[in-house]
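# Fold and contact review
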Amino acid sequence: MRTAPRPLYLILSVLVLIIIILWAARLGHIETSFAELFTILLYKTGFSSSPDLQSKLIFVIWEIRLPRIVCAAVVGGGLAVAGCVFQSILQNPLADPYTLGISSGAAFGASSAILLQLVGFTLPIIISTSMCAFLGSLLTLYAVFLLAAPSRRFSSNTLILSGIIIASILSAGISFIKFLADENVNTIIFWIMGSFIGKNWQETILLLFIVLPSTIIIYVHARELDIMTFGERSSEALGIDNKVIRQRLLIVSSLCTAACVSVSGIIGFVGLIVPHLARMVVGPSNNFLIPFSFFCGCILLLCADTATRFILPTELPIGVLTALIGGPVFCVIFRRTQLDKWRG
Amino acid sequence: METVKGYSLSQVSYSYDQITGIDEVSVSLVPGKFYGLIGPNGSGKSTFLDILSGYIVPNHGTILLNNVPLQSYDRNELSQILAVVPQFFNQNFQYLVSDVVLMGRYPYLSRFSPPAKSDFEAVDQAMEMLGISHLRSRSITELSGGERQRVMIAKALAQSGDFILLDEVTSNLDINHTISIVTVLSKLIRDKGITVVAAVHDLNLAAACCDELIVLKNGTLKNFGPTSTLLSERLISELYGVDVAIISGNQSQKQIIYNYVRS
């Protein structure tokens, strides 16, 4: 499938992303023309003076739609890049950013916070639900690392098993919290299913400050990621310290995942499918795969969010939508690659 | 002190979970030779290679490489003089053959610069030597086992080290490719003075191409010396419990003959 030069695909994906961002910013209950949109963008970025538009329209575009659009795109990109890292490090094409239980940790943290609020316990303003989700995922990562620590090289099987163990304990915890929440369980379920409703610039900028540096750090390790897919003996023979690099990249990509999940809730399948689709287009070399996956993840999740926001009659939780579309798509990819293997 | 090139192992032992892998092995390996590592299954050949490559650290004993303790090498420095072709490797992703061989140049690349012309030349040369140039734009997952093995050897050659360790790499290959690989290695030993240590199961291959044999049994060094004097009917029967006949073939090369029916 690799016909055009790989940099061309990168440029193409950036262009598509820009077009979709502009297109998505127009759509909504108040339809906007491109002229109005550009006027608002120029005004808000300081290139032109106060435009001759309703201040309500300006508010809707700049304070409601754009932060949500940017937030959805960055979460998609962050999850996709984290997916690339997990698949390379765990040497397993079926791994995703949630394999180590980070999503369960976030869900546990968020539901604990929601439960505390429900029983009338007022948390300090700084400790929001998102903050608890973030802390929950970091603690989960720490627990997984502790459990896997005796493994001399942090081998992938040990990590995957540790992740499964911790995640299953946490899911039991989440079920218990849901049980305690009784009638108010909806709030927890809704958080877990994921949503970009009401995302503001503050959260979005905070997210950008975690996701962009993580992506850059990961990109800088593209060669190591390539080599590490061949196994430990091969990569050590080339001078790579498996344990150090694995730890470093798992921490960075988990931070990235934790930031995404705590802002948006658990959005499945993006981190699994986007790296697969991207690999089919630009091949497995991480120096192209990582940026291309990032942009594809942005495009995919932005389209999905716009669909829930504008196209569908009622606002479906985005996590449900990605799983409903992503699951079957993955089945098709999986089946086709399996068939290719048998025929090959 | 005069610098001693090559490996010098003294009293090296390695055990895990109270199972002895390697027990008090002392050998010196000099540059420019083809060393064959033979012994029955489970005799510690792979463990011995892991120790030589620094992948595992022995519990006791010292290993000097070019007169410097193996442990004191910087990883990157070591990977520029020592290449390893493991027996098994994973591959789940469709990397192109040329990209895989280029990974052998990793020790020479700085993080922020792309590979230089000299790196691509080394890659082309390695692929040329192993006769896989025509596979360069194929993906590694669609190759046969033997072709993949040659790609991994090309990757090790692209590393341009003075030492190459191979763990039963010819066991997947047909006789034609086995012969061409040992020919390539022998040529490198002759022309560039590199050292090859290879675990081999095929005793005829060992007899034909190895200058010296390292014979392991139950983790201990049973014999060490020139192939021509060491390889005997008695040694093989002691090692494997199989009766063989050794005859002189072409160019007085030793050939080992055995029956596939127990007498």
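Up top is the structure these notes are about.
For the structure given in this document, a descriptive report is provided here.

Rules of the game
- Residues numbered from 1 in each chain as written.
- Chains lettered and ligands numbered in written order.
- Predicted model: local features only at pLDDT ≥ 70, side-chain atom pairs only at ≥ 80, totals over all residues.
- Heavy atoms only, no water.
- Helix = DSSP H or I, 4+ residues; strand = E, 2+ residues; numbered from the N terminus.
- Contact = heavy atoms within 4.5 Å.
- Areas by Shrake-Rupley, 256 points an atom, 1.4 Å probe, with all protein chains shown as cover.
- Salt bridge = Lys/Arg side-chain N within 4 Å of Asp/Glu carboxyl O.
- Buried < 20%, exposed > 50% of the residue type's maximum accessible area, 1.4 Å probe, protein only.
- Buried area = accessible area lost by both parts, 1.4 Å probe.
- Polar contact = N/O pair within 3.5 Å; in protein donor to acceptor, adjacent residues only side chain to side chain.
- Core = buried A, V, L, I, M, F, W, Y, C linked by side-chain atoms within 4.5 Å.
- Pairing = 2+ DSSP bridges.
- Right-handed = clockwise from strand over helix to strand, strands pointing away.
- Phe/Tyr/Trp six-rings, centres within 6.5 Å; stacked < 30°, edge-to-face > 60°.
- Lys NZ or Arg CZ within 6 Å of the ring centre and 35° of its normal.
- Axes fitted to C-alpha atoms, helices over the stretch in contact; angles between N-to-C directions.

Check the secondary structure of chain B and you find nine helices and twelve strands. Here the contacts in chain B between residues at least 6 apart in sequence split such that 64% fall between residues at least 24 apart. About 12700 Å² of surface is accessible on chain B, with carbon and sulfur atoms providing 49% of the total.

Our next topic: the pattern of salt bridges. A full pass over the atoms with the stated rule returns 15 salt bridges over all chains. Its salt-bridge partner being Asp 241 of chain A, residue Arg 75 of chain B comes within 3.4 Å of it at the nearest N-O pair. With one member in each of two chains, Arg 75 of chain B in helix α2 (residues 75-81) and Asp 241 of chain A in the loop between α10 (232-237) and α11 (242-264) form a pair that bridges those chains. For Arg 75 of chain B, a relative accessible area of 34% puts it in the partly exposed group. For the salt bridge of Arg 136 of chain B with Asp 124 of chain B, the shortest nitrogen-to-oxygen distance reads 2.5 Å. Taken as a pair, Arg 136 of chain B in the loop between α4 (117-129) and α5 (145-158) and Asp 124 of chain B in helix α4 lie far apart in primary sequence, twelve residues in all. Overall, the relative accessible area of 32% leaves Arg 136 of chain B in the partly exposed class. By relative accessible area, which is 34% here, Asp 124 of chain B ends up partly exposed. Each of the salt bridges in this network shares a partner with another, and the network as a whole consists of Glu 236 and Asp 241 of chain A together with Arg 75 of chain B.

Turning to the interface of chain B and chain A, a few remarks are in order. Contacts between the two partners involve 32 residues from chain B, matched on the other side by 31 residues from chain A. Carbon and sulfur atoms make up 54% of the area that chain B and chain A hide from each other, which totals about 2800 Å². Inspection of the region where chain B meets chain A yields four salt bridges. In this structure, the connection of chain B to chain A is made through 15 residue pairs in polar contact (both at pLDDT 80 or more).

Here the focus is helix α1 (residues 45-53) of chain B. With eight of its nine residues buried, α1 of chain B lies for the most part within the structure. Listed as buried for α1 of chain B are Lys 45, Thr 47, Phe 48, Leu 49, Asp 50, Ile 51, Leu 52 and Ser 53 of chain B.

A few words now on the environment of Ser 175 of chain A. Residues and elements named next belong to chain A. Summarising the element assignment, Ser 175 is placed in helix α6 (residues 156-181). Take Ser 175: its relative accessible area is 45%, and that puts it in the partly exposed class. Counting along the chain gives 67 residues from Ser 175 to Phe 108, while the straight-line C-alpha distance between them is 9.3 Å.

Attention now moves to the side chain of Asp 305 of chain A. Residues and elements named next belong to chain A. Within the secondary structure, Asp 305 sits in helix α13 (residues 286-311). Of the polar contacts made by the side chain of Asp 305, one reaches the side chain of Arg 68; its length is 2.9 Å. If we skip the residues at most four places from it in the chain, Asp 305 touches Arg 68, Ala 72, Phe 196 and Ile 318.

This next bit is on the nonpolar core. Grouped together as the largest cluster of nonpolar side chains are 152 residues, with contacts concentrated most on Leu 207 and Ile 267 of chain A together with Val 101 and Leu 166 of chain B. For this core, the leading source of residues is helix α3 (residues 55-89) of chain A, giving 19 residues. Ranked by size, the runner-up nonpolar core spans 31 residues in total, among them Tyr 7, Val 27, Leu 52 and Ile 214 of chain B.

All names here are of chain B. Judged by how many residues are buried, strand β8 (residues 195-199) sits mostly within the fold: five of five residues are covered. With burial as the criterion, each face of β8 is covered, one bearing Thr 195, Val 197 and Ala 199 and the other bearing Val 196 and Ala 198. Note: strand β3 (residues 34-38) against β8, four bridges, orientation parallel. The partner of Gly 36 across the bridge, within β8, is Ala 198. With five bridges connecting them, strand β7 (residues 163-167) and β8 associate as parallel partners. Opposite Ile 164, over in β8, you have Val 196 as the bridge partner. Handedness of the β-α-β unit built from β7, helix α6 (residues 175-192) and β8 comes out right-handed.

What follows concerns the packing of aromatic side chains. Across all of its chains, the model carries ten aromatic pairs over all chains by this definition. If you follow Arg 26 of chain A out to its NZ or CZ, it ends over the ring of Phe 34 of chain A, 4.7 Å from the centre. Here Lys 155 of chain B stacks its cationic end above the ring of Phe 230 of chain A, 4.9 Å away from the centre of that ring.

Attention now goes to unusual backbone geometry. The phi dihedral of Gln 91 of chain A falls on the positive side, at around 50 degrees, and the residue is not glycine. On the secondary structure map, Gln 91 of chain A appears in the loop between α3 and α4 (102-118). Residue class for Gln 91 of chain A comes out buried when judged on its relative accessible area of 12%. One non-glycine residue, Asn 218 of chain B, lies in positive phi territory at about 50 degrees.

All names here are of chain B. A sheet is described by the order of its strands in space; here six strands give the open sequence β6-β7-β8-β3-β9-β10, paired in mixed fashion. Unpaired on one side and paired on the other, β6 (82-85) and β10 (220-226) mark the two borders of the sheet. Sheet twist, expressed as the mean angle between neighbouring strand axes with direction ignored, is 15 degrees. Sheet analysis places β3 next to strand β9 (residues 212-217), joined by four bridges and oriented parallel. Bridging across to β9, Tyr 35 finds its partner in Glu 212. Lying over the sheet, α6 contacts β3, β7 and β8, oriented at roughly 135 degrees with respect to β3. In this fold helix α9 (residues 233-240) packs onto β3, β9 and β10, with an angle of close to 30 degrees to the strand it touches most, β9.

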